[in-house]
Amino acid sequence: MINPFTSSTLECYLTCPRGLEEVTAKDISPHCKNVKTGSGGVSFTGDLQTLYTVNLYSRTGMFALVKLLEFSADNEKDLYYQIADYPWYEWINHDDTFSIRSRVFSKHFTDSNFVTLKVKDAIVDRIRQKTKRRPDVDKDNPRYSLFVFIHEDKVSVFLNSSGSSLSKRGYRQKIHKAAINEALGAGLILLSGWEPSQPFYDPMCGSGTLPIEAAMIGRNIPGGNYRKSYTFKGWKDFDPRLWNSVVRESREKIRNDKLHIFGSDNMGANVDMAKRNARQILIHTHIKFAKKEFEDFTPEFSGGTILMNPPYGERIGEEKELESLYQLIGSVLKQNCVNNDAFIFSGNKELTNLIGLKSQRNYVLKNGKIDCRLLHYPIREGNYVGYLLYIFKSAINEIIITHNTRIIVGVWY
Ligand SMILES: C[S@@+](CC[C@H](N)C(=O)[O-])C[C@H]1O[C@@H](n2cnc3c(N)ncnc32)[C@H](O)[C@@H]1O
């Protein structure tokens, strides 16, 4: 049992989009201790300053959580009594508000709403027993926001220090209907290994998430630099001097180097939206936005990273209409983008197969509930020969399958 307000060492967990655990661990490890990757997040230890710092700096994290309790329970009574055993009254007053979110993956507890209700009852009963009054639940703007995770019989209760997801940086006034969130966008850039001295291109930029995140990385601007609210600022004993010193130190590290970041899209309204979002945080002077059809895309410099998130049929457009777009992506990369590294983020394997290039690496990620891949295509002279060989092999395979003469496979390969 941990009282987060008296304990000198906090055990924390930073959640992140699945597939970005390694990147998240690397991103926060300069600021904390005992960093270990989990599933959908990273655990770490530290003090309050660590917690403030991780909230401010993390690019790929979503919620920075402080562990309060961990125990085993396989029935509702056990759950209730073990939650009620914790001295909530030590830091939640009857006039405070709190909220609870539960996630359950368990055969013992199948209904997360029921778990939320039980945990709420246990907390309220314990505080009322001690103080004769009870705190209220406020789902929208609570002073204390609790997360309950149950995996089989393992129950963990956390205090959320971030409030809304850290992916909400505060620069997106409007977003494209298929926009990726900022934490995922930053994670894709970090996975690509892009260095700020190199050019960066997103030729399908939508609301501008990838170029804006690249500019923030390039200038060493912390992920939370523009964010106004964090739940920990409303906690008892919030230390504004400590927070201000963490922020001040981060601002001293912001760079003003010249960056070569380009964002384009074939829809003028999207380009305008991306520009507006970039202007919101005055980073627009570091990004060149333009309205452009992808078929006209040619990188201004070589040696760069091309990272894009083409539509993939889950949210916009129909798959059939997208087939020719993915074929176009393959031919434009081959013809116009030699000596650049291309990365395609997509949730549709059939469509990415139509790119017709062999990916060198394939990162498995989740975009919300959608299984996605980030595919790395180093575009080099000679790839075209490889591509022809690939097309040749596919054609032969088709003939073999059509004529049901599998025995020839060994001969042809
Ligand atoms: C999934 S959205 C990108 C979302 C973006 N990553 C964001 O976070 O806002 C795909 C974008 O590709 C653009 N697009 C589709 N076909 C295109 C083409 N032929 N040329 C240029 N852009 C295209 C769409 O207009 C859309 O903005």
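Residues numbered from 1 in each chain as written. Predicted model: local features only at pLDDT ≥ 70, side-chain atom pairs only at ≥ 80, totals over all residues. Heavy atoms only, no water.

The name given to the chain in an unreviewed UniProt entry is THUMP domain-containing protein, and the organism recorded there is marine metagenome.

Quick look at the site of the ligand now. The immediate surroundings of the ligand are formed by 20 residues, with S207, T209, D265, N270 and F294 found nearest. E293 is positioned with one of its side-chain polar atoms (N or O) 3.5 Å from a nitrogen atom of the ligand. Within the complex, 93% of the 600 Å² of free accessible area of the ligand lies under protein. Classifying every residue of the shell around the ligand gives ten nonpolar, seven polar and three charged. (Near = heavy atom within 4 Å. Polar contact = N/O pair within 3.5 Å; in protein donor to acceptor, adjacent residues only side chain to side chain. Areas by Shrake-Rupley, 256 points an atom, 1.4 Å probe, with all protein chains shown as cover. Nonpolar A, V, L, I, M, F, W, Y, C, P; charged D, E, K, R; others polar.)

Under the counting rule described, the total for this entry stands at one cavity of 30 Å³ or more. In this model, the largest cavity occupies a volume close to 40 Å³. Along the walls of the largest cavity sit F5, L48, Y52, F232, W235, K236, D237 and F238, which together make up its complete lining. Its residues assigned to classes, the lining of the largest cavity comprises six nonpolar, no polar and two charged. (1 Å grid on protein atoms, 1.4 Å probe; cavity = no way out; pocket = protein on both sides within 12 Å on 5 of 7 lines; lining within 4 Å. Points joined across faces, edges and corners; volume = space filled by probe spheres on them.)

Before going further, it helps to spend a moment on the packing of aromatic side chains. The relative placement of two aromatic rings is captured by the distance of their centres and the angle of their planes. Per the counting criterion, the structure on display carries 24 aromatic pairs. Judged by centre distance (6.1 Å) and plane angle (70°), the ring pair of F5 and Y144 falls under edge-to-face. Note that F5 is positioned in the segment before β1 (10-15) and Y144 in strand β7 (residues 144-151), a separation of 139 residues in sequence. There is no split in this pair, since F5 and Y144 are both buried. Seen in terms of ring centroids, F232 and F238 are 6.0 Å apart; in terms of plane orientation they differ by 45°. Their pairing is tilted. There is no split in this pair, since F232 and F238 are both buried. Three or more aromatic residues joined by ring pairs form one cluster here, namely F5, Y86, W88, W91, Y144 and W235. Directly above the aromatic system of Y230 lies the positively charged group of R227, at a separation of 4.8 Å from the ring centroid. (Phe/Tyr/Trp six-rings, centres within 6.5 Å; stacked < 30°, edge-to-face > 60°. Helix = DSSP H or I, 4+ residues; strand = E, 2+ residues; numbered from the N terminus. Buried < 20%, exposed > 50% of the residue type's maximum accessible area, 1.4 Å probe, protein only. Lys NZ or Arg CZ within 6 Å of the ring centre and 35° of its normal.)

Another point: the packing of helix α3 (residues 76-84) against helix α4 (residues 112-131). Viewed as axis vectors pointing N to C, α3 and α4 meet at an angle of 40°, and their least axial separation amounts to 8 Å. Here α4 runs oblique to α3, going by the angle between their axes. Regarding α3 and α4, the two cross each other, and that crossing is right-handed. Between α3 and α4, the contacting residues are E76, L79, Y80, I83 and A84 on the first element and F114, V115, K118, V119, D121, A122, I123, D125 and R126 on the second. Its residues placed into classes, the contact of α3 with α4 shows nine nonpolar, no polar and five charged. (Axes fitted to C-alpha atoms, helices over the stretch in contact; angles between N-to-C directions. Parallel < 35°, antiparallel > 145°, perpendicular 65-115°, else oblique. Left-handed = near helix turned anticlockwise from the far one by under 90°. Contact = heavy atoms within 4.5 Å.)

Our next topic: the nonpolar core. Counting residues in each nonpolar core, the largest one holds 58 residues, and the members touching the most others are L188, I283, I329, L333 and L374. The residues that make up this core include at least three from each of domain 1 (10-160) and domain 2 (182-224 + 260-381). Not counting the four nearest positions on each side in its chain, I283 is found in contact with I212, A215, M216, R219, I221 and A278. Listed in part, the 54 residues of the second largest apolar core include L10, W88, I92 and F98. (Core = buried A, V, L, I, M, F, W, Y, C linked by side-chain atoms within 4.5 Å. Domains from an automatic or database assignment.)

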